[in-house]
Amino acid sequence: MTPHDAVPWLDRTWRLRRVDDLPVWSLSCLYVRKGYRRRGVTAQLIAAALEAARRAGAPALEAYPFDAAVSPSASGSGYASTFARAGFKVVARRAPARPIMRHDLSGSARHASFPA
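Keep in mind the model is a prediction, meaning the values are calculated, not measured.

Caption draft 1: Structural detail: the packing of aromatic side chains. Following the criterion strictly, the structure yields one aromatic pair and no others. When the ring of F83 is compared with that of F88, the centres are 5.0 Å apart and the planes differ by 85°; the resulting orientation is edge-to-face. Using a relative accessible area of 0% as the deciding quantity, one classes F83 as buried.

The structure is reproduced here in structure tokens:
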């Protein structure tokens, strides 16, 4: 997780390029080792990333997950459903299975919470 400008390859990838001029931070990759998947690890990583971005003063955190409801596939960027449960909203969808999702952090004191 880092400011979007620190990850120039995002703007070179047509489906992930910048949506607007907001200086968002990007969570571009998540990896959970096999054997630890489906245990809530990704949700906790997302919650930690939100907290770190909040502390850094980021106005929003953006993610590029895979939408398994559109097409089943493995993902190194997490699944859209997990990000949606954390309060992320789709802000663009240039490819059906790859939404750009964003969590607004401006003035937000709330924390991401996930069902157990």
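Caption draft 2: Quick look at the pattern of salt bridges. Per the stated rule, a full pass over the model turns up six salt bridges. With a closest N to O distance of 2.9 Å, R102 and D20 form a salt bridge. In this pair, R102 sits in strand β5 (residues 98–104) while D20 sits in the loop between α1 (9–12) and β2 (25–27), placing the two residues 82 residues apart along the sequence. Its relative accessible area of 12% is what places R102 among the buried residues. Taking relative accessible area as the criterion, D20 reaches 31% and is therefore assigned partly exposed. Here E51 ties to R55 by a salt bridge, and the two come within 3.5 Å at their closest N and O atoms. With a gap of four residues between them, E51 and R55 both fall in helix α2 (residues 41–55), about one helical turn apart. We classify R55 as exposed; its relative accessible area is 63%.

Caption draft 3: View of the nonpolar core. L27, I46, L50, L61, F83, F88 and L105 are the most contacted members of the largest nonpolar core, which has 16 residues in total. Of all the secondary-structure elements, those providing two or more residues to this core are β2, α2, β3 (60–63) and α3 (80–85). Here this core takes four residues from α2, the largest share from any one element. Here F88 is in contact with I46, L50, L61, E62, A63, F83, M101, R102 and H103, once residues within four sequence places are set aside.

Caption draft 4: Region of interest: the pairing of β3. Neither face of β3 is left uncovered, since the one carrying A60 and E62 and the one carrying L61 and A63 both have all their residues buried. Handedness of the β-α-β unit built from β2, α2 and β3 comes out right-handed. Alignment of β3 against β5, held across four bridges, turns out to be antiparallel. Across the sheet, the residue bridging to L61 is H103, located in β5.

Conventions and cut-offs
- Residues numbered from 1 in each chain as written.
- Predicted model: local features only at pLDDT ≥ 70, side-chain atom pairs only at ≥ 80, totals over all residues.
- Heavy atoms only, no water.
- Phe/Tyr/Trp six-rings, centres within 6.5 Å; stacked < 30°, edge-to-face > 60°.
- Buried < 20%, exposed > 50% of the residue type's maximum accessible area, 1.4 Å probe, protein only.
- Salt bridge = Lys/Arg side-chain N within 4 Å of Asp/Glu carboxyl O.
- Helix = DSSP H or I, 4+ residues; strand = E, 2+ residues; numbered from the N terminus.
- Core = buried A, V, L, I, M, F, W, Y, C linked by side-chain atoms within 4.5 Å.
- Contact = heavy atoms within 4.5 Å.
- Right-handed = clockwise from strand over helix to strand, strands pointing away.
- Pairing = 2+ DSSP bridges.

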